[in-house]
Every structure is written in C-alpha cells, then in structure tokens.
Amino acid sequence: MTRRIGLIGYPLGHSISPIFQQAALDALGIDARYEAWEVPPDQLAAVESRLRAADCLGANVTIPHKSAVRSLLDEIDPAARAIGAVNTITRREDRLLGFNTDAPGFARSLERDAGRGLRDSRLVLLGAGGAARAVVAAALLEGAVQVTVAARRVERARAIIADFQAGPLATTRTRLDPVPLVAADPRLGAAVADCDVLVNATPVGMGSDAATDPPIALDRLARGALVYDLIYRPPLTPLLREARARGAAILNGLPMLVYQGAASFELWTGQPAPVELMRRAAEEALRG
Ligand code: NAP
C-alpha cells in the first residue's frame, strides 16, 4: 500500500516542503507520497478522517493551522505544548500525536551549519510570533543563559515569556527579558552589544525588496556574534547583507527549514533523514 503524508495549510502555493520531502522518501525507497492538502480554516475538522486513515503516516502543518490543529490530536509533546503550535503529526496505532520540529530544526541548524551550540549562549530575538516561540523553546531546551525578546508590540514579547514561564519547559537557567523593538531602547542596545546570536524572526526583509531597512541597526553588534535570519527567500536579506559587511557570521533560514523537515521525516519513517539530499533539493527548488 502506498502511504500518504499530508501538508496541511492554506494557501500552499509557495511551499517547497513537498519537493524535498518527496526527494527524501524516493531516495530511501519508501513507498509514500507527500501531498499538499490545502485546507481552508473553516474545513480543518474534516482532515481528521484523512489523518486517521490506514494509509496515512502523518502530516506537516503550516499557516494558519499550527495552533488550531491541536484540537484534533490525542497527545501533544511538551515542547509543542509550550510553543502552542504543532507542525508535525504522526499516527501510532490509532492515536494522533503532535510535535513541533521548528525548535530542534533551529538548534540543529545552528550547530551543524554555524558550529554553535545554544548552551550558555545569549540571544537577541526579534519578533514575537510563531517562529519566535520555536526559538525560545530551543533556547530553553538547550540551556541558553539569556534571551532578550524584542517586539514592536512589547506586550507580545511579555506574553510569550509569561507562557513559557508557566509551561512545561520553564527553567531558572535561562533569563527571558521583553524589550520594545525600537532603536533607541537602551536595554535592546545593551543586549545587542553583548549577544552570541541575533535572530530575526520577523518577516522584515522577506520577498524581493532589497531596499527594505533591516529590522535593527547592527552598529553595536557584539564582536564574534552570529546573525541568523529565519527568512530564506531571498537567501541574503538586507539584515544579512549588513551583518556580512560588518564581518559577522551569518545564516539564513534554509538550514532551519531543512532540519525541521528532517526531524519530521524521522518521526514519520523511523529512519535517519538524508539531510544533504533534502538540502540540495530545497536549494534547487528555491532557484526554481
Ligand atoms: P508571525 O507569527 O506572523 O510573527 C511575526 C512577528 O514579526 C510578529 O511578532 C510581528 O509583530 C513581527 N513583525 C511583523 N512585521 C514587522 C515589522 N515591520 N517590524 C517589526 N516587527 C514586525 O510569523 P512567523 O510564523 O513567526 O514567521 C516569522 C518569520 O520567520 C517569517 O519570515 C517566516 O518566513 C520565518 N520562518 C522561517 C522558518 C524556517 O524554517 N526558516 C520557520 C518559520 C518561520 P506584530 O505581532 O506586531 O505583528
């Protein structure tokens, strides 16, 4: 029986996951199809029967369903619960289990592509949406010492921090500070001057407008810091261009996308993912 894996989202026009996931399944000779399941928000409940069908190995979940899909599942792992979002579903027997592989995807990409661990590190995180939550989870799980969460609506940064402090990943090891994302904020300036990794988890710089200003000035960036932009289209955002010009190490969002996909693949198949093959397929798809 040919198995199925769904990508549940709406709309799905630009996703490259079907390309690199199918390439991985084919390379390992796994008889399965990775399919785009475009599901409008008011029809999400109807995918439950597809997920529970005998031929289904599981699914990826993307915008706008990552939070709402939790109501269809039997169990949600602690990191996904803390993040408040599921991006991967597996079926074990007749139970649907939810995971979030964005957090390990972020941590793994930092280790493997930049040679940096999160343990004992200081992060500045720009943005307070879904991707920022995954970064905070990774920082807590891996033992970072400081995460400064900068958001244009500082109450959203406060809300994320309060959620994590009350959730299953809470730890006293990692200090979490909310600050407004404005150039003049002294606490943000001090954090940028003393960080190991600066992460952009806002969409500023996405798309093709190279003239966009970076979401933050880097004139005070700590020497030796890595600037990690979660955006992968374009591969070099205005933020990364400025960081590179200042001699900082840089990383774009493609490795995170590939490693979250690899972690999902391993949950569905129980086999090690062919990461380099997935990366090449993703790069090729982006060059399109
Ligand atoms: P989201 O939930 O919509 O959150 C976006 C955050 O950015 C919010 O805090 C938002 O603030 C803030 N923001 C938006 N426009 C801004 C601006 N002009 N100035 C300052 N802050 C701004 O989105 P998301 O899902 O977290 O995604 C964020 C980015 O990460 C996207 O570019 C996405 O493509 C990327 N991403 C990459 C990966 C990967 O695997 N590489 C995975 C997930 C996401 P408000 O709340 O005030 O609107």
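For the structure itself, look to the data block above.
Before going into details, it helps to say that this report is about the structure given with it. (Residues numbered from 1 in each chain as written. Predicted model: local features only at pLDDT ≥ 70, side-chain atom pairs only at ≥ 80, totals over all residues. Heavy atoms only, no water.)

Attention now goes to the environment of Arg-119. You can see Arg-119 is positioned in the loop between helix H4 (102-114) and strand E7 (122-126). Along the backbone, Arg-119 and Arg-223 are 104 residues apart, and their C-alpha atoms lie at a distance of 19 Å. (Helix = DSSP H or I, 4+ residues; strand = E, 2+ residues; numbered from the N terminus.)

Right, let's get into the site of the ligand. Of all residues adjacent to the ligand, which total 19 residues, the nearest are Ala-128, Ala-131, Arg-152, Arg-153 and Arg-156. Here an oxygen atom of the ligand and a backbone polar atom of Ala-131 are 2.7 Å apart. Within the backbone of Gly-253, a nitrogen or oxygen atom sits 2.9 Å from a nitrogen atom of the ligand. Considered on its own, the ligand offers 930 Å² of accessible surface; in the complex 73% of this is hidden by protein. Residue classes in the shell around the ligand are distributed as eleven nonpolar, five polar and three charged. (Near = heavy atom within 4 Å. Polar contact = N/O pair within 3.5 Å; in protein donor to acceptor, adjacent residues only side chain to side chain. Areas by Shrake-Rupley, 256 points an atom, 1.4 Å probe, with all protein chains shown as cover. Nonpolar A, V, L, I, M, F, W, Y, C, P; charged D, E, K, R; others polar.)

Further remarks concern the packing of aromatic side chains. Scanning all chains against the criterion turns up two aromatic pairs. With a centroid separation of 6.0 Å and an interplanar angle of 55°, the aromatic rings of Tyr-34 and Trp-268 are classed as tilted. Linking Tyr-34 in strand E2 (residues 32-38) with Trp-268 in helix H9 (residues 254-269), this pair joins segments that are 234 residues apart in sequence. Overall, the relative accessible area of 7% leaves Trp-268 in the buried class. Over the ring of Trp-37 we find Arg-50; its NZ or CZ atom is 4.7 Å from the centre of that ring. (Phe/Tyr/Trp six-rings, centres within 6.5 Å; stacked < 30°, edge-to-face > 60°. Buried < 20%, exposed > 50% of the residue type's maximum accessible area, 1.4 Å probe, protein only. Lys NZ or Arg CZ within 6 Å of the ring centre and 35° of its normal.)

All right, on to the pairing of E7 then. Across the five residues of E7, four count as buried, placing the element largely inside the fold. Judged from the five bridges that link them, E7 and strand E8 (residues 146-151) form a sheet pairing that is parallel. Of the residues in E8, the one forming a bridge with Arg-122 is Gln-146. Chirality of the crossover, the property in question, places the unit of E7, helix H5 (residues 130-142) and E8 among those that are right-handed. (Pairing = 2+ DSSP bridges. Right-handed = clockwise from strand over helix to strand, strands pointing away.)

Before going further, it helps to examine the layout of surface pockets. Estimated volume of the second largest pocket: approximately 200 Å³. Looking at the second largest pocket, the residues that line it are Tyr-232, Arg-233, Pro-235, Asn-252, Leu-254, Pro-255, Arg-279, Glu-283, Leu-286 and Arg-287. Those elements that place two or more of their residues in the lining of the second largest pocket are H9 and helix H10 (275-287). No other element matches the four residues that H10 contributes to the lining of the second largest pocket. (1 Å grid on protein atoms, 1.4 Å probe; cavity = no way out; pocket = protein on both sides within 12 Å on 5 of 7 lines; lining within 4 Å. Points joined across faces, edges and corners; volume = space filled by probe spheres on them.)

Functional significance is not addressed by these values, which are geometric in nature.
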